[in-house]
Amino acid sequence: ERFGTPAFIKIDVEGYEGEVLAGLTRPVSALCFECTAIARDVAIRAIERLSGLGRYSYDMALGESQQLSFNRWTGTNDILHHLAQLPPEANSGDVYARLDEAD
């Protein structure tokens, strides 16, 4: 409250993304969080939490490539499907989320 709502949040807490996002009481404009192919359930829960806060669009970058997978913002179902299809050798990446302007 003292400093206002952040414009962007980077979450990298080694599998505790769900716990961090549980502390959000309102949506934020943009954020990213790390995900891994071996613990994709953590990313799925994070996306489900964000969906409960507002209407978000997503993209993701695998590894340290900084190359976005979709090169466009995509919906919840698309990012969930993409995460489910990642092979184990994809290892890790970052999911980027932005609050849709209609919200």
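Structure first, text after, so check above.
Read on for a plain summary of the structure. What you are looking at is a predicted structure, and each value in this text was computed from that prediction instead of being measured.

### Here's the deal with the sheet that holds strand 4 (residues 92–99)
Here's step 1: An order of 1-2-4-3 is seen for the four strands of this open sheet, with the pairing classed as mixed. A strand with exactly one partner marks an edge of an open sheet, and here the two such strands are strand 1 (9–11) and strand 3 (56–62). Each strand axis lies, on average, 20° off the axis of its neighbour in the sheet, ignoring direction.
Here's step 2: In this structure, strand 2 (residues 30–36) lies alongside strand 4, joined through seven bridges in antiparallel fashion. Along strand 4, the bridge assignment pairs L31 with A97.
Here's step 3: Taken strand by strand, helix 2 (residues 40–53) contacts strand 2, strand 3 and strand 4, and its axis lies near 160° from that of strand 2.
Here's step 4: The strands touched by helix 3 (residues 76–85) within the sheet are strand 2 and strand 3, with strand 3 carrying the most contacts at an inclination of about 25°.

### Brief notes about the packing of helix 2 against helix 3
Here's step 1: Where helix 2 meets helix 3, the closest approach of the two axes is 10 Å, and the angle between their N-to-C directions is 175°. As summarised for this structure, helix 2 and helix 3 are arranged roughly antiparallel, according to the angle between their axes. In contact with R40, A43, I44, I47 and S51 of helix 2, helix 3 contributes T76, I79, L80, L83, A84 and Q85.
Here's step 2: For the contact of helix 2 with helix 3, the per-class residue count stands at seven nonpolar, three polar and one charged.

### Comments concerning the pairing of strand 4
Here's step 1: Counting buried positions along strand 4 yields seven of eight residues, so the element is predominantly enclosed.
Here's step 2: One ladder, built from seven bridges, connects strand 3 with strand 4; its direction is antiparallel. Its bridge partner lying in strand 4, L62 is registered against G93.

The rules behind these values
Residues numbered from 1 in each chain as written. Predicted model: local features only at pLDDT ≥ 70, side-chain atom pairs only at ≥ 80, totals over all residues. Heavy atoms only, no water. Pairing = 2+ DSSP bridges. Helix = DSSP H or I, 4+ residues; strand = E, 2+ residues; numbered from the N terminus. Axes fitted to C-alpha atoms, helices over the stretch in contact; angles between N-to-C directions. Contact = heavy atoms within 4.5 Å. Parallel < 35°, antiparallel > 145°, perpendicular 65-115°, else oblique. Nonpolar A, V, L, I, M, F, W, Y, C, P; charged D, E, K, R; others polar. Buried < 20%, exposed > 50% of the residue type's maximum accessible area, 1.4 Å probe, protein only.

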